[in-house]
Amino acid sequence: MDVMDLRSAVDEVVFHHPVVVDNAYTKWFSKGEATGDEVRHLTVQFSVFSHLFVEAQLRKVINAADLDTYRAGKEILMNELGVVFRPVGRAGQAQPGVDPELVSTEGTVEASRFRFAAAHFEWLVRFGAPLGLGFADLGKRHQGSESTLFFCDELLRIYGSEDASTAEGASYAVEHWAAAGFWKELIGGLTAFKERACPDLNLAFWTWHDKVEDQHAAHTADELEEAVQLPGFDGGKFLAGAADMLQGVKAFWDGLWDDHLHGRTSI
Ligand SMILES: [Fe+2]
């Protein structure tokens, strides 16, 4: 399978996937009609995914096929844990702070500083405070619904796969899903909720990630070309990894949609 064949097959699998083009939950959420309990439910389920994602990212790093992939994975892992990105070429320079409205969305963790309060999970904990959610209410496996845990386990299995073609397919799918606009839909709904009911809500966790995705979207085009050059690359496994991973993503959002339709919430 050459790059052109792979590109058109990927277009079919990833760009037309229902969770990328037609996510009922985020479409509804963007209208700003969610109740306080529904915003709390989203926060808890998202915190479980986002915290357990760190495990999948570590597995991806451990299973990386080459040094470049290993380091690229570590950039994401260390940044998640609290090492802020610093602009390349400005090693050792003082960082402007730890909050997502202040820290950079690009650069490298190399020669930067670790700050506890810059961990993405701590940003979510601070986001949850005005909603009445504390540290113990967020990010634990036992707080995840069945569909949230299915997604988290699929991330470990596919995104963190030992098979490089499978893992690359999953990465490609996750990045394209994340860049397709769901952050903006959540931000739209949260902004409306903040204005209506919760003025202290700080949306920086969400806006920081949205900014990162806008940058990713600008330079993902050549990732396919890099993937096909992996030793032993298998196009079929790449496509299966992408498709299976998006089913996991879809389960997460469909679970939240179903909870909305049936009035189920975490707390
Ligand atoms: Fe993050």
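Shown above is the structure to which this text applies.
Residues numbered from 1 in each chain as written. Predicted model: local features only at pLDDT ≥ 70, side-chain atom pairs only at ≥ 80, totals over all residues. Heavy atoms only, no water.

### Re the overall build of the protein chain
Condition: Note on conventions: DSSP H or I runs of at least 4 residues are helices, E runs of at least 2 residues are strands, and numbering of each starts at the N terminus. To get the radius of gyration, use the C-alpha atoms; to get the globule rule, take the number of residues to the power 0.38 and multiply by 2.2 Å. Each residue gets one of three labels from its accessible area relative to the maximum for its type: buried under 20%, exposed over 50%, partly exposed in between, using a 1.4 Å probe on protein chains only. When checking whether two residues touch, look at their non-hydrogen atoms; a contact exists if any pair is within 4.5 Å. Reported accessibility uses the Shrake-Rupley method at a 1.4 Å probe radius. Residues are deemed covered only where the shown protein chains occlude them. Charge assignment: positive for Lys and Arg, negative for Asp and Glu; neither His nor the chain ends contribute. Note on charges: their place is set at NZ of Lys, CZ of Arg, CG of Asp or CD of Glu.
On a plain count of helices and strands, the protein chain comes out with 12 helices and zero strands. In sequence order, the secondary structure elements of the protein chain are arranged as α-α-α-α-α-α-α-α-α-α-α-α. Relative to a compact globule of 267 residues, whose C-alpha radius of gyration would be 18 Å, the protein chain shows 18 Å and is just as compact. Taken over the C-alpha atoms alone, the protein chain extends approximately 55 × 50 × 30 Å along its principal axes. Across the 267 residues that make up the protein chain, the buried fraction comes to 49%. Contacts spanning at least 24 positions in sequence make up 76% of the contacts within the protein chain whose residues lie at least 6 apart. Counting only carbon and sulfur atoms, one obtains 54% of the accessible surface of the protein chain, whose full area is about 12,500 Å². Placing the 23 positive and 41 negative side-chain charges of the protein chain at their respective mean positions leaves the two points 6 Å apart.

### So, a negative patch on the surface
Condition: Patch construction takes residues with relative accessible area above 30% that form no salt bridge. Like charges are linked within 9 Å, and nonpolar side chains (Val, Leu, Ile, Met, Phe, Trp, Tyr) are linked within 5 Å. Only one rule defines a salt bridge in this text: a Lys or Arg side-chain nitrogen within 4 Å of an Asp or Glu carboxyl oxygen.
Together, Asp66, Asp68, Asp222 and Glu226 give the surface a local cluster of negative charge. Structurally, the position occupied by Asp66 is in the loop between α4 (36-62) and α5 (67-81). Note on Asp66: relative accessible area 32%, which makes it partly exposed.

### Observations regarding the coordination of the iron ion
Using the following cut-off: A donor here means an N, O or S atom no more than 2.8 Å from the metal, or no more than 3.2 Å when the metal is Na, K or Ca. Since water is not included, a site may seem to lack partners.
Here the iron ion is held by Glu80 (OE), His120 (ND1) and His209 (NE2), and the distances to it run 2.1 to 2.2 Å. When the donors of the iron ion are listed by position in the chain, the intervening gaps give E-x39-H-x88-H. On the criterion of sequence distance, the pair formed by His120 in helix α6 (residues 120-128) and His209 in helix α10 (residues 204-218) is long-range, its members being 89 residues apart. Comparing His120 with His209 shows no difference in burial state: the two are buried.

### Overview of the packing of α4 against α6
Short version of the rule: In this description, a line fitted to the C-alpha atoms serves as the axis of each element, helices being fitted only across the stretch in contact, and the angle between N-to-C directions of two axes falls anywhere from 0 to 180 degrees. Angles are sorted into four bins: roughly parallel if under 35 degrees, roughly antiparallel if over 145, roughly perpendicular if 65 to 115, and oblique for all others. Each residue gets one of three labels, nonpolar for Ala, Val, Leu, Ile, Met, Phe, Trp, Tyr, Cys and Pro, charged for Asp, Glu, Lys and Arg, and polar for the others, Gly among them.
The interhelical angle for the contact between α4 and α6, taken along N-to-C directions, is 170°, at an axis separation of 10 Å. Judged by the angle between their axes, α4 and α6 are roughly antiparallel. Contact with α4, carried on its side by Thr43, Ser47, Ser50 and His51, involves Phe121, Leu124 and Phe127 of α6 and no other residues of that element. For the contact of α4 with α6, the residue count by class is three nonpolar, four polar and no charged.

### Overview of the nonpolar core
Nonpolar side chains tend to gather and get buried jointly when the protein is soluble and globular. Let me state the cut-off plainly: What makes a nonpolar core is a set of buried Ala, Val, Leu, Ile, Met, Phe, Trp, Tyr and Cys residues whose side-chain atoms join them at distances within 4.5 Å.
Membership of the largest hydrophobic core comes to 72 residues, with the highest contact counts inside it found for Phe29, Phe46, Phe49, Leu155, Trp177, Trp206 and Trp253. Among residues more than four places away in sequence, those in contact with Phe49 are Thr148, Phe151, Cys152, Leu155, Trp177 and Phe252.

### Here's the deal with the side chain of His120
The buried category is assigned to His120, whose relative accessible area is 2%. In this structure, His120 is in contact with Asn79, Glu80, Phe205, Trp208 and His209, ignoring residues within four places of it in sequence.

### Some points on the environment of Gly235
Inspection of the secondary structure puts Gly235 in helix α12 (residues 235-261). Judged by its relative accessible area of 9%, Gly235 is buried. As a C-alpha pair, Gly235 and Asp2 span 233 residues in sequence and 8.6 Å in three-dimensional space.

### What to know about the packing of aromatic side chains
Condition: For this analysis, a ring pair means two rings from Phe, Tyr or Trp (six-membered ring only for Trp) whose centres lie within 6.5 Å, classed as stacked if their planes differ by under 30 degrees, edge-to-face if by over 60, and tilted for the remaining angles. Should the NZ of a Lys or the CZ of an Arg lie within 6 Å of a ring centre and within 35 degrees of the ring normal, that charge is described as sitting over the ring.
All chains considered together, the criterion is met by 33 aromatic pairs. Ring geometry for Phe114 against Phe116: centres 5.0 Å apart, planes inclined by 80°, an arrangement best described as edge-to-face. Its relative accessible area of 62% is what places Phe116 among the exposed residues. A cation over an aromatic ring shows up here: Lys60 above the ring of Tyr159, its NZ or CZ 5.0 Å from the ring centre.

### Things to note about the environment of Ala119
Tracing the sequence through the fold places Ala119 in the loop between α5 and α6. The exposure class assigned to Ala119 is buried, which follows from its relative accessible area of 10%. When the C-alpha positions of Ala119 and Val83 are compared, they lie 7.4 Å apart, and in sequence the two are 36 residues distant.

### As for unusual backbone geometry
Even without being a glycine, Ala111 presents a positive backbone phi close to 60°. Turning to its location among the elements, Ala111 is positioned in the loop between α5 and α6. Judged by its relative accessible area of 47%, Ala111 falls in the partly exposed class.

### Examining the environment of Val98
Turning to its location among the elements, Val98 is positioned in the loop between α5 and α6. The spacing of Val98 and Phe116 is 18 residues in sequence and 8.3 Å in space, taken between C-alpha atoms. Setting aside residues up to four positions removed in sequence, Val98 forms contacts with Val103, Arg115, Ala117, Ala118, Trp123 and Arg126.

### Brief notes about helix α8 (residues 164-178)
Rules: An expected span of 1.5 Å times one less than the residue number is assigned to each helix. As used in this structure description, the phrase polar contact means that two N or O atoms lie within 3.5 Å; if the pair is within protein, one of them must be able to donate a hydrogen and the other to accept it, and residues adjacent in sequence are counted only when both atoms belong to side chains.
In this model, α8 (15 residues) spans 21 Å end to end at C-alpha, consistent with the 21 Å of a helix rising 1.5 Å per residue. Of all 15 residues in α8, 13 are buried; the element is thus mostly enclosed. The opening residue of α8 is Asp163, an N-cap whose side-chain oxygen sits 3.3 Å from the backbone nitrogen of Ser165.

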